[in-house]
Every structure is written in C-alpha cells, then in structure tokens.
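# Tertiary structure, described
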Number of protein chains: 2
Amino acid sequence: MSHGGGGELTSRLIRDHLLRVLGNQWLDPLTDAAVLGPCDGPLVVTTDSFVVQPIEFPGGDIGRLAVCGTVNDLAMMGAMPIGLTLGLILEEGLPLERLDRIVQSIGAAAREAQTRIVTGDTKVIERRGDGDGLLINTAGVGRQLDGVNLSARRIQVGDAVMISGRIAEHGLAVMSRREGLEFASSLVSDVAPLNALVRSLFETGADIRFLRDPTRGGLAGVLADISSESGLSLEIEERAVPISPTARHAAEILGLDPLAVANEGKLVAVVAPDDAERLLAACRAHPLGANASIIGRVTAAQPPLAELITEAGGRRIIQKPYGEDLPRIC
Amino acid sequence: MSHGGGGELTSRLIRDHLLRVLGNQWLDPLTDAAVLGPCDGPLVVTTDSFVVQPIEFPGGDIGRLAVCGTVNDLAMMGAMPIGLTLGLILEEGLPLERLDRIVQSIGAAAREAQTRIVTGDTKVIERRGDGDGLLINTAGVGRQLDGVNLSARRIQVGDAVMISGRIAEHGLAVMSRREGLEFASSLVSDVAPLNALVRSLFETGADIRFLRDPTRGGLAGVLADISSESGLSLEIEERAVPISPTARHAAEILGLDPLAVANEGKLVAVVAPDDAERLLAACRAHPLGANASIIGRVTAAQPPLAELITEAGGRRIIQKPYGEDLPRIC
C-alpha cells in the first residue's frame, strides 16, 4: 500500500517501473500536468476505464487494450492522437513483474500508434476478493483531420455500411481464457490502434458520414445505434459479415451471438454509395483492414430498424444487446 | 453489474443519472469523444484517479475532489480548464441515491470552476471487501495563460515562498471522519478549484517562478520537492505557516505532522522577492486566499535542504513523507 501514498515509495515506483519504459520529454519532468504545443485544428478529447479480467489474454492485455481503445475513440472522430494520459489503479499485492509486463505493453502500443503517454497518475487500493490486480484509465487528446464531418445525421438512404474485418475476436478470446476453454491458437484478440487506417480512409477523399468501433455491444450495438441515431433503417447481409471459422465455433460453444461480441481493432463506416468501392479498396490495402467487407446499406424503411438478412434468407431485427452478455471484456 | 455492460441498461444509467445533471453540448451526443475548438495557446493535459475513503466527508466528496484536483493540476501549470473527462468506476451495489449525490457534486464543482465535463465513461466492477462503492478518474485539458513561465529551474536565491491559506484541513477532515473522531464542526476539507485565484495572481504581473498544490505529501512534500528540483535551500518560518487551532488540535490527537497532511484547495508559490508583497496582497484579496502568508525564502545553503525554523527557535529538516502517512485521502 505504501507505493500509493504519494511519498518517496511512490516516486520510486514511478521512476523505476514507469518512467524507465514510458519516459519522454513531457512525462519525465513528473509535473502534475503536461504542457504541449497549440492545437491548430479541432481538439478531440476522450476517456475510457479498463477493468478487463483476466488482465492478460490471448493477443493482448489490459495495457494494450487501454492504449488502443483510447486511440480508437479519437480515430472514430477522425482525430489523430496528440497524447494520452495514463491513470493506473494498482491493487495491493500486484506482482511488480506483472506490472512491468503491462507497462511494456502500454509503451509498445503507444509506439505502434505513433503517440505517447504525456502525463499519468498512480494509486494503490486494497485487494478485491476477485482481484486481478490492475485497473487503467486512459484519456486521449487528438487533433481532428481537416475536412472531417462525421455525424449520424449525415447518413442518407442508399449509403453503404462497411466493416473493416472479422468480428468478435476480442470478446471471444477473453471469454475463452476466462472460461478455461481451449480453442485453436488462432483465436486471439484483434486489439489494435486504428488511427493509421482511419487516416488512410480519409485520404481517399471518400464522403465518410459516420465511423464507430464495435467494442462493448459488438457490431449489433453499433448497427442499432446507427439506425436509432440516423432515424433510418439498415439492411445487413449476414453472409457478408466477416467471421473466422474459429470465432464462429467459439461463439457456438459459449452460446453467444457473434454480432453482439466486442471487437477492439475494427471499425464500422457509413459511406456515400458512390465512394463505397473506393473506401473498401483503401481499407483492404491496409494490414488492419485486409478482410474488410461492405455488409449492407441504409434504407428508408420505417420505423427505423437494423435488419439482418440471414444466410438462410430470413430476416431478423438486430437489437442493441441488453444488460450483460460479456462482463468486463474491456 | 448489468449497468456496466455497454448495453441498454448502461445507456439508461448514463441518460437518467449522469446526462440529466452534467449534460451540455459536448456530452449530450454520447459519442466516444468530444470535439472542441482549436487551442491557440499551449495545451495542458493532466489526469488523476481518486480512491478516497470515505467517499463523502466533511466539506466535500469524491466528486468535488476529482473536479477540483484536476482543475488545480492544470492551474499549477498556469492553465485554465477547457474541459474535463469523467471516468466513473462503480462498484456493484452502490446505491443510486449515493451516485446521484456525487454526480450533483461533480456538476456543482465544475460550474464553480467555470468548466464542464466534455466526455466520460462508466464501468461497473464487483464489490471489494471494504468497498465504498466508487472510484473516479478525471483528466483535464486546459490552455496555458499567455506569458506563464513556471519551472523549478527558474527559482533563485532570495525568492519568497508563499502559501495561499491554512494547511492540513483536507487530510484531517477525511481522517477524522474515517476514525470516527468528533472535532468542532469547523474541521472541514478545503477542497476548492484554484483556477480563478491563479488567474488573479498572474494578472498582477508578478514574476511567479513555480506553483504547486500541496496535496498528497502535504506542504512538507512540496517544500522538499522545491529544494531538490531547484538545487537550492529553503528557510521556512513555522510561525508564518497558517493553521487553524482546530486543525492543530486534530493533528495532535491523530499523531500527525500537519506539514505532511494533504490540502486540496491551497497552492504554494515561489515568487521573485520584489514581487512578493504584491502577490500576497492579490492572493489575500481572493476568497480562497484570504489567509495567505509568506512562509519563507530561498537560500544558497548547500547541500540543498528545506529547513523549518520552529516556533521555539530550533531548526529541523523538512523531509518528503516516506510511505503511507495518510492512506487514500485523495
């Protein structure tokens, strides 16, 4: 507990276990706040807390998840990260080797996203009964790219709906680890920073109306949101939704609808119909978008609903997941 | 637990218990990030997590503490807040009335600081053994005032050291409540946003070299930091350090050195000697600085140390509190 008291022990923890890995010109002075340059375009701000259990899972850990989740929240507003804050809440008894692995992962993910931790805070709390040892809050500040105009209100009948790759891999990887299920080693979280992909999508000049990453609530949650926020309907082709055989199998065993399972390295874009093929090509040209697919289109049907046209040719309404399908997968 | 799952229940919690109180043009769209305007001066970014127990205490609560702590971290860099993020981590079973009180307090503190919550995130975790129900992370973005140049490296021999008011009231109020001690009702936390006070200090044109708020580690921690970061020594007059009789009494009963006890509405300023009286007058003219005092000066003595000249005329070295004097007072 002494490590969180704000005294000399806290300083030592920060110096030896955090700064050594994450240090940079903004973080090193250990002031209570970082002073950055001016921001000449719209400033975008986001925050997320991460309480995933287990804190290490196939394909990632809570540190990578925090960095990517925050970078992606900025990216979904068309913004590139200027810097991230890092709030660590450590549970008493967390092994320092485990902390070190998570901090290494935070540093690696920040480099991958071409950003950095500019300021932080560390607290220690008493151990919880089920405690896995670590909660993280990250906030991100970014600059919106010029010419970006994203809003559900801009969505029009005929627009295309694209997803950037295979669904459900993050949630299934975490759940499988938690349940002790052994699938093929190919079932790993998709957690990744999407800012470079988003930049390349905007560089096409396509009229992108709306972007969102299907995290908690999965693809189903985003599609239901698009419908309710735009007041329009969606027709989604189940056969066009990319999913790996392993993920499909894992979802069956776990009794989950893969549409409702969280992703941490995918985006859903709504785009003007004439620009859809161009956007799809640009997405597939990026390593994180290789399996992108146009999965449906916006229609005028009323009342506004997201509908799935199943592989068997039936129709079902895609609903926003209610309650707690997948506790604490982010 | 369902309230944290990212589904419809989460939406309802956010709409009915958070947006109704904290809503504004940036928060209301419930996007994953807030889009603000450009920032034409240096952008300042900070973060803090709050794990205080109990979450309600004489003079404040964890919500007011989070807002003020973050606003003050910006203010100590000479920055006025543009907006705050709010990451709520709720423990399962937290009564909604209690959450409502804290959220009201967050809203009131933000208005008092003339700022707002621009984006947020809510998670629910399982109950901890000792769980008081709520952790908060806030991050703040601000714009630095023009002409501010704060750095321990600018501190010079002869500079004056000022504190803006009576010390130790936050930590003692929290500790007294926690220990079930009953003091005079005047022992309340000093938690308050210091941005308006800081603005008025800079408006004097005084050459302020360094600002820091004496939170964890108290005045002793800041004085030790000033000495080690500047490489110079401090001579502090104990009799000049403002403390109320109630706080002095409470510290005695609790066996604590009031110099090492946290404050949440005070600042320490190091200022050029010729500007000290002007700065003191401006500070005393503000309601939050009425009891300000010049408590000492910077000397060339080597090795660099912060020394207290006691009321009895003795000298003792002021050390950075080591370990955990006051667990979880912020």
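Worth saying up front: this structure is predicted, and the values here are computed from it rather than measured.

### A short note on the overall build of chain A
Helices and strands together make up the secondary structure of chain A, namely eight helices and 14 strands. Radius of gyration (C-alpha) of chain A: 20 Å, near the 20 Å computed for a compact globule of 330 residues. Principal axes of the C-alpha set define a box for chain A whose edges measure 65 × 50 × 35 Å. Of the contacts formed within chain A by residues at least 6 apart in sequence, a portion of 87% connects residues at least 24 apart. Distance between charge centres in chain A, computed from 31 positive and 42 negative side chains, equals 2 Å.

### Describing the side chain of A:Glu56
Residue and element names in this part refer to chain A. As for its placement among the helices and strands, Glu56 is situated in strand 3 (residues 56-57). Only 2.8 Å separates the side chain of Glu56 from the side chain of Arg101, close enough to count as a polar contact. Beyond its immediate stretch of four places on either side in the chain, Glu56 contacts Asp61, Arg98, Arg101, Ile102 and Arg177.

### Thoughts on the sheet that holds strand 13 (residues 306-309) of chain A
Residue and element names in this part refer to chain A. Ordered in space as 9-11-8-12-10-13-14, the seven strands form an open sheet in which the pairing is mixed. Lying at the two open borders of the sheet, with one neighbouring strand each, are strand 9 (208-212) and strand 14 (315-317). Geometrically, the sheet is characterised by an average inter-axis angle of 25° between neighbouring strands, direction not taken into account. Taken together, the four bridges between strand 8 (residues 160-163) and strand 12 (residues 293-299) define a ladder with antiparallel strand orientation. Bridge pairing in strand 12 links Ala160 to Arg297. Sheet strands touched by helix 6 (residues 218-230): strand 8, strand 9, strand 10 (233-237), strand 11 (268-271), strand 12 and strand 13. Its angle to strand 9, the strand with the most contacts, is close to 140°.

### A short note on the pairing of strand 7 (residues 134-144) of chain B
Residues and elements named next belong to chain B. Counting buried positions along strand 7 gives 10 out of 11 residues, so the element sits mostly inside the fold. Two elements, strand 2 (residues 43-50) and strand 7, share eight bridges in a ladder whose sense is antiparallel. Its bridge partner being in strand 7, Thr46 is matched across the sheet by Gly140. Of the strand pairs in this sheet, strand 5 (residues 79-91) and strand 7 are connected by 11 bridges, and their pairing is antiparallel. Note on strand 7: the bridge partner recorded for Leu86 is Thr138.

### Examining the pairing of strand 10 of chain A
All names here are of chain A. Sheet analysis places strand 10 next to strand 12, joined by four bridges and oriented antiparallel. For Ile236, the partnering residue across the bridge sits in strand 12 and is Gly296. Direction of pairing for strand 10 relative to strand 13: parallel, over a ladder of four bridges. Paired with Leu234 across the bridge in strand 13 is Ala306.

### Things to note about the packing of aromatic side chains
Tallied over the entire structure, the rule returns zero aromatic pairs over all chains. Taking the ring centre of B:Phe50 as reference, the NZ or CZ of A:Lys123 above it sits at 5.9 Å.

### Focus: unusual backbone geometry
In this model, B:Gln53 is joined to B:Pro54 through a cis peptide bond whose omega is 0°. Summarising the element assignment, B:Pro54 is placed in the loop between strand 2 and strand 3 (56-57). A positive phi angle is found at A:Gln114, which is not glycine, with a value near 50°. Position of A:Gln114 among the secondary structure elements: in the loop between helix 3 (96-112) and strand 6 (117-125). Positive phi, close to 55°, is recorded for B:Leu30, a residue that is not glycine. Structurally, B:Leu30 is set in the loop between helix 1 (8-22) and strand 1 (34-35).

### Digging into the pattern of salt bridges
Tallied over the entire structure, the rule returns 44 salt bridges over all chains. Of the charged contacts in the structure, one is a salt bridge between A:Arg212 and A:Glu229, with a shortest N-O distance of 3.1 Å. In this pair, A:Arg212 sits in strand 9 while A:Glu229 sits in helix 6, placing the two residues 17 residues apart along the sequence. Under the relative-accessibility criterion, A:Glu229 is labelled partly exposed at 33%. Across the pair B:Glu307 and B:Arg315 runs a salt bridge, and its minimum N-O distance is 2.6 Å. Judged by relative accessible area, which is 22%, B:Glu307 ranks as partly exposed. Residue classification places B:Arg315 among the partly exposed residues on the basis of a relative accessible area of 48%. Ionic contacts of the salt-bridge type, sharing partners, join the residues A:Asp48, A:Arg216, B:Asp121 and B:Lys123 into one network.

### Concerning the sheet that holds strand 6 (residues 117-125) of chain B
Ordered by their spatial adjacency, five strands build an open sheet running 1(A)-2(B)-7(B)-5(B)-6(B), and the pairing between neighbours is mixed. Whereas interior strands pair on both sides, the edge strands pair on one side only; in this sheet they are strand 1 (34-35) of chain A together with strand 6 of chain B.

### Regarding the packing of helix 4 (residues 169-179) of chain B against helix 7 (residues 245-254) of chain B
All names here are of chain B. The contact between helix 4 and helix 7 brings their axes to 10 Å, and the two run at 50°. Put simply, helix 4 runs oblique to helix 7. Classified by chirality, the crossing of helix 7 by helix 4 is left-handed. Listed contacts from helix 7 to Glu169, Leu172, Met175, Ser176 and Glu179 of helix 4 are Ala247, Ala250, Ala251 and Leu254. Here the residues of the contact of helix 4 with helix 7 are counted per class, giving six nonpolar, one polar and two charged.

### A word on the environment of B:Glu264
Mapping B:Glu264 onto the fold places it in the loop between helix 7 and strand 11 (268-271). Separated by 147 residues in the primary sequence, B:Glu264 and B:Ile117 have C-alpha atoms spaced 20 Å apart.

### Topic: the side chain of B:Glu169
Inspection of the secondary structure puts B:Glu169 in helix 4. Setting aside anything within four residues of it in sequence, one finds B:Glu169 in contact with B:Val188, B:Ser189, B:Asp190, B:Ser244, B:Ala247, B:Ala262, B:Asn263 and B:Lys266.

### Remarks on helix 3 (residues 96-112) of chain B
All names here are of chain B. Compared with an ideal rise of 1.5 Å per residue, which puts 17 residues at 24 Å, helix 3 spans 24 Å between its outermost C-alpha atoms and is within 8% of the ideal. Turning to helix 3, its buried residues are Arg98, Leu99, Ile102, Val103, Ser105, Ile106, Gly107, Ala109 and Ala110. Gln114 sits one or two positions beyond helix 3 and adopts a positive phi of about 55°.

### Let's talk about helix 5 (residues 195-203) of chain B
All names here are of chain B. By the burial criterion, the buried members of helix 5 are Asn195, Leu197, Val198, Leu201 and Phe202. Seen end-on, helix 5 carries its buried residues on one side only, within an arc spanning 160°. Looking one or two places after helix 5, you find Gly205, whose phi comes out positive at around 80°.

Rules used throughout
Residues numbered from 1 in each chain as written. Chains lettered and ligands numbered in written order. Predicted model: local features only at pLDDT ≥ 70, side-chain atom pairs only at ≥ 80, totals over all residues. Heavy atoms only, no water. Helix = DSSP H or I, 4+ residues; strand = E, 2+ residues; numbered from the N terminus. Rg over C-alpha atoms; globule rule 2.2 N^0.38 Å. Contact = heavy atoms within 4.5 Å. Lys, Arg positive; Asp, Glu negative; His and termini not counted. Charge placed at Lys NZ, Arg CZ, Asp CG, Glu CD. Polar contact = N/O pair within 3.5 Å; in protein donor to acceptor, adjacent residues only side chain to side chain. Pairing = 2+ DSSP bridges. Axes fitted to C-alpha atoms, helices over the stretch in contact; angles between N-to-C directions. Buried < 20%, exposed > 50% of the residue type's maximum accessible area, 1.4 Å probe, protein only. Phe/Tyr/Trp six-rings, centres within 6.5 Å; stacked < 30°, edge-to-face > 60°. Lys NZ or Arg CZ within 6 Å of the ring centre and 35° of its normal. Salt bridge = Lys/Arg side-chain N within 4 Å of Asp/Glu carboxyl O. Parallel < 35°, antiparallel > 145°, perpendicular 65-115°, else oblique. Left-handed = near helix turned anticlockwise from the far one by under 90°. Nonpolar A, V, L, I, M, F, W, Y, C, P; charged D, E, K, R; others polar. Expected span 1.5 Å × (residues − 1). Arc of directions from axis to C-beta.

On their own, these measurements won't tell you what the molecule is for.
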